[in-house]
Structures are given as C-alpha cells and as structure tokens.
Amino acid sequence: MKKSYLIVGQGIAGSCLGLQLENQGHNVNFIDNHHQNAASLVAAGLINPITGKRIVKSWNVDILLPYAINFYHKIAQDFQVNLVYPLNIIRLLHNQMEENDWESRTSIDDLKAYVVENEENNWLKNIKIPFSYGEITQSYRIDIGLLIKNYKNKLIHNNQIQFHPFDFQSIIFNNNSVAYQKKEYDGIIFCEGAQMSANPFFNYLPLKPTKGEALFVNYPFEFPKIIKNKTAFVPLGKNEYWIGGTNDWNDQNNEPTLEKQTLMQQEWHELLYPNLFSIQNHRAAIRPATKDRFPFLGKHPEHPNLFIFNGFGTKATLLTPYLSNHFVDFLTKNTSLMQEVNCNRFN
Ligand SMILES: Cc1cc2nc3c(=O)[nH]c(=O)nc-3n(C[C@H](O)[C@H](O)[C@H](O)COP(=O)(O)OP(=O)(O)OC[C@H]3O[C@@H](n4cnc5c(N)ncnc54)[C@H](O)[C@@H]3O)c2cc1C
C-alpha cells in the first residue's frame with residue numbers, strides 16, 4: 001500500500017531514505033532548514049573499507065559496500081551525473097611497528113580483498129613518505145554534495161520540499177497518522193544530523209557530536225589516489241584537493257578554527273611541497289556520531305508515527321544506502337530492524 005512520509009532534513013541520510021521510498025512507490029515531502037550546517041556538504045564522501053588504528057574491516061562492509069556502490073551508480077544514472085569515484089587509499093606508515101601491524105593484519109584472509117600489494121606508484125615520488133605505506137582498494141569518493149543538489153532540484157521542481165526550520169509544536173497526532181501544516185502523513189521521519197539534539201522527541205538518544213574541519217586546496221600535481229595520514233588528502237579533480245577531517249568533541253559550533261587550519265597545514269607541508277600549496281576554502285560541521293558508534297533507526301517509544309534515521313557518524317556514505325533500504329522495509333512492510341541499529345536499545 002502506498003504510504004506518505006514527511007522527512008525532516010535533506011542531508012545524505014534524508015536523501016537516501018527519500019530516494020528509496022520513492023523508488024518503492026511511496027510519497028515523500030521534505031522540510032529542510034536551508035541545509036544550514038549540513039555535515040553532508042562539508043564531508044569528502046569517502047568509503048574506506050579498512051579503518052582505525054587497529055586496522056579492521058568496517059561493520060558489515062562485505063554487504064554494505066556493494067549495495068552502496070550499486071545504489072550510487074543507479075542514482076548517478078538517473079540524474080545523469082558522475083557520483084562514484086573509485087580511488088585506492090595510500091595509508092602512510094610511520095615506523096617499523098606500524099608496518100609490522102599492517103602486514104600482520106592485512107595477511108588475514110578476511111582483509112585480503114581490500115588490500116593491494118606491489119602496485120606501481122611512481123607518482124608517490126612527489127611525497128615525502130615518512131617510512132612506508134600500505135594500499136587499500138575497494139575504496140571510493142562519492143560526490144554526496146552533487147547527489148543532494150540534484151535531488152533538491154528535483155524536489156523543488158515537484159513541489160516536494162519546503163525550506164524552513166521544522167516546528168515541533170505544530171505536529172498533530174491522530175490515531176494512525178500525524179499531520180503537519182494541514183497535511184496528513186503515515187509518519188514524520190527525522191534526519192536532522194547533529195541538529196537532532198534540538199529535537200524534543202529524540203534528544204534522549206546518546207549522540208556524541210564530533211566537530212570536523214576540512215580544507216579545500218589547490219596543488220599543481222595530479223594525484224590518482226587518496227593519501228591517508230592523520231587527515232586525508234583527497235583528489236577532487238583539476239588539481240583541487242580536500243584535506244580533512246579533524247575531530248573535536250568539545251567545540252560544538254560550526255565555525256572553522258585557526259588552530260585546526262594550522263594543524264592540517266603543518267601536517268601536509270611536511271609531506272608535500274609547501275610553497276606550491278594554496279588554501280581556497282576552510283569549512284567545519286558537526287558529525288552525528290553516537291556513543292556506541294551505531295546509528296539510530298526506529299520509532300519513538302510513545303508516538304508510533306514519529307521515526308528517526310540518524311547517527312551515521314563518520315560512515316554515512318557507506319551506511320545510508322543499505323540502511324535506508326532496511327528502514328523502508330521496516331516502515332512499509334513491518335519487518336524488524338537489526339538490533340545493533342534499532343534505537344529501542346536505549347528505551
Ligand atoms: C569534516 C568532515 C568530514 C567527513 N567526511 C566523511 C567521509 O569522508 N565519509 C563519510 O561517510 N562521512 C563523513 N563525514 C560524516 C558525514 O558528513 C555525516 O555522517 C553525514 O553527513 C550526516 O548526514 P545527515 O544527513 O545525517 O546530516 P546532515 O548532513 O547534517 O543533514 C541534516 C539536514 O537536516 C537539516 N535540519 C536539521 N535540523 C532541522 C530542523 N529542525 N528543521 C529543518 N531542517 C533541519 C539541516 O539543514 C541539514 O540539511 C564527515 C563529516 C565532517 C564534518
């Protein structure tokens with residue numbers, strides 16, 4: 001049966017969810033606060049299958065990654081744009097201990113599919129490699145900013161989006177539905193990113209907002225792969241690069257800081273030719289990270305027509321395609337949610 005939803009927030013989470021609902025024949029309307037402080041418009045959109053100091057596979061990556069890449073290819077085809085950039089990651093190793101860890105971890109069968117050895121990388125002669133490096137494959141940059149922009153234009157064209165802050169007082173609760181601004185919906189789904197801390201219905205969930213900053217720079221060499229040090233150096237094409245992201249758990253505003261700019265500048269001045277490097281832009285946003293590092297999916301414990309799809313932390317690009325499909329099944333076919341992501345784990 002065709003259902004109708006109001007989605008609050010058209011970042012990558014709301015966009016994936018709206019696209020999936022529409023693909024399955026349901027109606028969606030959006031409210032977005034002019035994409036104010038949207039983390040999705042600051043992020044690089046990277047998918048890195050092997051992460052962390054402990055060199056481990058991302059949660060469920062064997063299933064989530066192929067699903068995500070198919071999904072983004074399909075959306076790219078629909079919008080007739082390029083969204084998917086396969087880019088290996090050169091992970092810099094700083095000493096013998098890091099190299100030993102890399103070799104022992106990546107020799108495990110489970111990780112082998114995500115690593116390449118003995119690739120020719122002549123271009124790396126332009127980088128001061130600290131000690132050595134490992135190379136990750138099946139990694140991508142997804143142009144999530146372009147996806148959001150194209151979907152926004154389509155929503156504007158079809159009169160499906162309004163730009164203003166959501167008014168929580170205006171929700172009218174009916175027996176099996178909710179109404180907002182005189183329109184009735186099967187549900188309102190909140191996809192507000194880190195701004196969910198201002199949502200009176202869901203701010204009981206343990207968000208751990210993390211500020212991230214990014215520099216947009218020009219550099220006159222074409223690097224064909226991502227370089228991952230403390231921060232990442234990500235090719236965007238035409239000698240433009242994205243550098244980021246930093247982490248700050250205390251500072252909770254969206255203003256870029258001189259402190260983080262200096263840190264990133266120093267880091268990359270040591271690895272590249274510093275006088276050839278020019279900063280074009282510097283941006284900051286808050287990631288909707290969660291205390292247990294798993295997203296928040298599900299329904300409000302007392303209002304069964306209010307839903308949340310949020311908390312994608314540092315991995316929204318990988319997680320949101322698969323989990324939006326999983327969530328649509330939950331919404332429209334009454335299937336159950338995976339317990340790791342079900343927000344009822346905090347009820
Ligand atoms: C520097 C940096 C680098 C990052 N790099 C990556 C990366 O490489 N890969 C990756 O996967 N993730 C990355 N992330 C994390 C990623 O950006 C986030 O997880 C993701 O963007 C969250 O998407 P979202 O849709 O939940 O929230 P957002 O993108 O923040 O979108 C929320 C939307 O909701 C709207 N909104 C909020 N409240 C209201 C309201 N009350 N009324 C109306 N509208 C409202 C906002 O205007 C916004 O448009 C990075 C983050 C940062 C800051």
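Predicted model, so just to flag it, every value in this text is computed and none were measured. (Residues numbered from 1 in each chain as written. Predicted model: local features only at pLDDT ≥ 70, side-chain atom pairs only at ≥ 80, totals over all residues. Heavy atoms only, no water.)

Visitor: Is there a simple way to think about the nonpolar core in this case?
Guide: Generally speaking, nonpolar side chains in soluble globular proteins are found buried as a group. Ranked by size, the top nonpolar core spans 67 residues in total, and within it Leu17, Leu21, Ile47, Tyr72, Ile189, Phe309 and Phe327 carry the most contacts. Lining this core are residues from two domains, each supplying at least three of them: domain 1 (4–43 + 145–206 + 291–346) and domain 2 (88–138 + 210–287). Apart from the residues within four sequence positions on either side, Ile47 is in contact with Leu65, Ala68, Ile69, Tyr72, Ser139, Tyr140, Ile142, Thr317 and Leu318. Ranked by size, the runner-up nonpolar core spans 20 residues in total, among them Val8, Val178, Phe296 and Leu306. (Core = buried A, V, L, I, M, F, W, Y, C linked by side-chain atoms within 4.5 Å. Buried < 20%, exposed > 50% of the residue type's maximum accessible area, 1.4 Å probe, protein only. Domains from an automatic or database assignment. Contact = heavy atoms within 4.5 Å.)

Visitor: Would you mind showing me how to read the domain arrangement of the protein chain here?
Guide: You'll often see interface size given as the accessible area lost when the parts meet. Taken domain by domain, the protein chain consists of domain 1 (4–43 + 145–206 + 291–346) and domain 2 (88–138 + 210–287). Relative to domain 2, the C-alpha centre of domain 1 lies at a distance of 31 Å. Facing nine residues of domain 1, the contacting portion of domain 2 comprises nine residues. Taken together, domain 1 and domain 2 are joined by two residue pairs in polar contact (both at pLDDT 80 or more). Its residues placed into classes, the side of domain 1 that touches domain 2 shows six nonpolar, three polar and no charged. (Polar contact = N/O pair within 3.5 Å; in protein donor to acceptor, adjacent residues only side chain to side chain. Nonpolar A, V, L, I, M, F, W, Y, C, P; charged D, E, K, R; others polar.)

Visitor: Please explain the site of the ligand as it appears in this structure.
Guide: Of all residues adjacent to the ligand, which total 39 residues, the nearest are Asp32, Ser40, Leu46, Gly313 and Thr317. In this structure, Thr317 approaches the ligand through a side-chain N or O atom, which is 2.8 Å from an oxygen atom. In isolation the ligand offers 1000 Å² of accessible surface; the protein chains occlude 96% of this area. Along the lines of polarity and charge, the residues of the shell around the ligand split into 18 nonpolar, 16 polar and five charged. A domain split of the shell around the ligand shows at least three residues from each of domain 1 (4–43 + 145–206 + 291–346) and domain 2 (88–138 + 210–287). (Near = heavy atom within 4 Å. Areas by Shrake-Rupley, 256 points an atom, 1.4 Å probe, with all protein chains shown as cover.)

Visitor: Is there a simple way to explain a positive patch on the surface in this structure?
Guide: A contiguous patch of positive charge, built from Arg54, Lys208, Lys291 and Arg293, is present on the exposed surface. Looking at the element boundaries, Arg54 is found in the loop between strand 4 (50–51) and strand 5 (56–57). Residue classification places Arg54 among the exposed positions, given a relative accessible area of 63%. (Patch = residues over 30% accessible without salt bridge, like charges linked within 9 Å, V, L, I, M, F, W, Y side chains within 5 Å. Salt bridge = Lys/Arg side-chain N within 4 Å of Asp/Glu carboxyl O. Lys, Arg positive; Asp, Glu negative; His and termini not counted. Charge placed at Lys NZ, Arg CZ, Asp CG, Glu CD. Helix = DSSP H or I, 4+ residues; strand = E, 2+ residues; numbered from the N terminus.)

Visitor: Hey, could you run me through helix 3 (residues 96–106) in this one?
Guide: Working note: α-helix, 3.6 residues per turn, so residues spaced by three or four point in the same direction. Of the positions making up helix 3, those classed as buried are Glu99, Trp102 and Thr106. Within helix 3, the buried residues cover an arc of 60 degrees as seen down the axis, which keeps them to one side. In the core, the buried residues of helix 3 are packed alongside strand 7 (89–93), helix 4 (109–112), strand 8 (115–116) and strand 9 (132–136). (Arc of directions from axis to C-beta.)

Visitor: Sorry if this is basic, but what is going on with the packing of helix 1 (residues 12–23) against helix 5 (residues 144–157) here?
Guide: The relative placement of two packed helices is expressed as an angle between their axes plus a distance between the axes. Helix 5 packs onto helix 1 with a crossing angle of 55 degrees between their chain directions and a minimal axis gap of 10 Å. As summarised for this structure, helix 1 and helix 5 are arranged oblique, according to the angle between their axes. When the axes of helix 1 and helix 5 are compared, the crossing they make is left-handed. Across from Ile12, Ser15, Gly18, Leu19 and Glu22 in helix 1, the residues of helix 5 making contact are Ile144, Leu147, Ile148, Tyr151 and Lys154. (Axes fitted to C-alpha atoms, helices over the stretch in contact; angles between N-to-C directions. Parallel < 35°, antiparallel > 145°, perpendicular 65-115°, else oblique. Left-handed = near helix turned anticlockwise from the far one by under 90°.)

Visitor: Can you walk me through the packing of helix 1 against helix 7 (residues 316–333) in this structure?
Guide: Their axes nearest at 9 Å, the elements helix 1 and helix 7 cross at an angle of 45 degrees. Overall, the two elements helix 1 and helix 7 adopt an arrangement that is oblique. Two packed elements cross with a definite hand, and for helix 1 against helix 7 that hand is right-handed. Two secondary-structure elements touch here, helix 1 through Ile12, Ala13, Cys16, Leu17, Gln20 and Leu21 and helix 7 through Ala316, Thr320, Pro321, Ser324, Asn325, Phe327, Val328, Leu331 and Thr332. For the contact of helix 1 with helix 7, the per-class residue count stands at 10 nonpolar, five polar and no charged.

Visitor: How should I be thinking about the pattern of salt bridges in this particular structure?
Guide: When their charged atoms lie close together, side chains carrying opposite charge are able to pair. For the structure shown, the criterion picks out 11 salt bridges. A salt bridge links Lys211 to Asp251; the shortest N-O distance between them is 2.8 Å. In this pair, Lys211 is assigned in strand 16 (residues 210–218) and Asp251 in the loop between strand 19 (240–244) and helix 6 (258–271), connecting sequence segments 40 residues apart. Its salt-bridge partner being Asp248, residue Lys260 comes within 3.6 Å of it at the nearest N-O pair. In this pair, Lys260 sits in helix 6 while Asp248 sits in the loop between strand 19 and helix 6, placing the two residues 12 residues apart along the sequence. Across the pair, exposure class does not vary: Lys260 and Asp248 are buried alike. Bridged by salt links that share partners, the residues Lys57, Asp62 and Asp110 form one connected network.

Visitor: Before we go on, may I ask you to explain unusual backbone geometry in this structure?
Guide: The phi torsion of most residues other than glycine is negative, and most of the peptide bonds are trans. With an omega dihedral of -15 degrees, the bond running from Gly244 to Gly245 counts as a cis peptide bond. In this fold, Gly245 is placed in the loop between strand 19 and helix 6. Positive phi values are uncommon outside glycine, yet Ile55 reaches one of about 55 degrees. Structurally, Ile55 is set in the loop between strand 4 and strand 5. Notably, Asn159 is not glycine yet its phi reads approximately 60 degrees, a positive angle. Tracing the chain through its elements places Asn159 in the loop between helix 5 and strand 11 (161–162). Given a relative accessible area of 67%, Asn159 falls into the exposed group.

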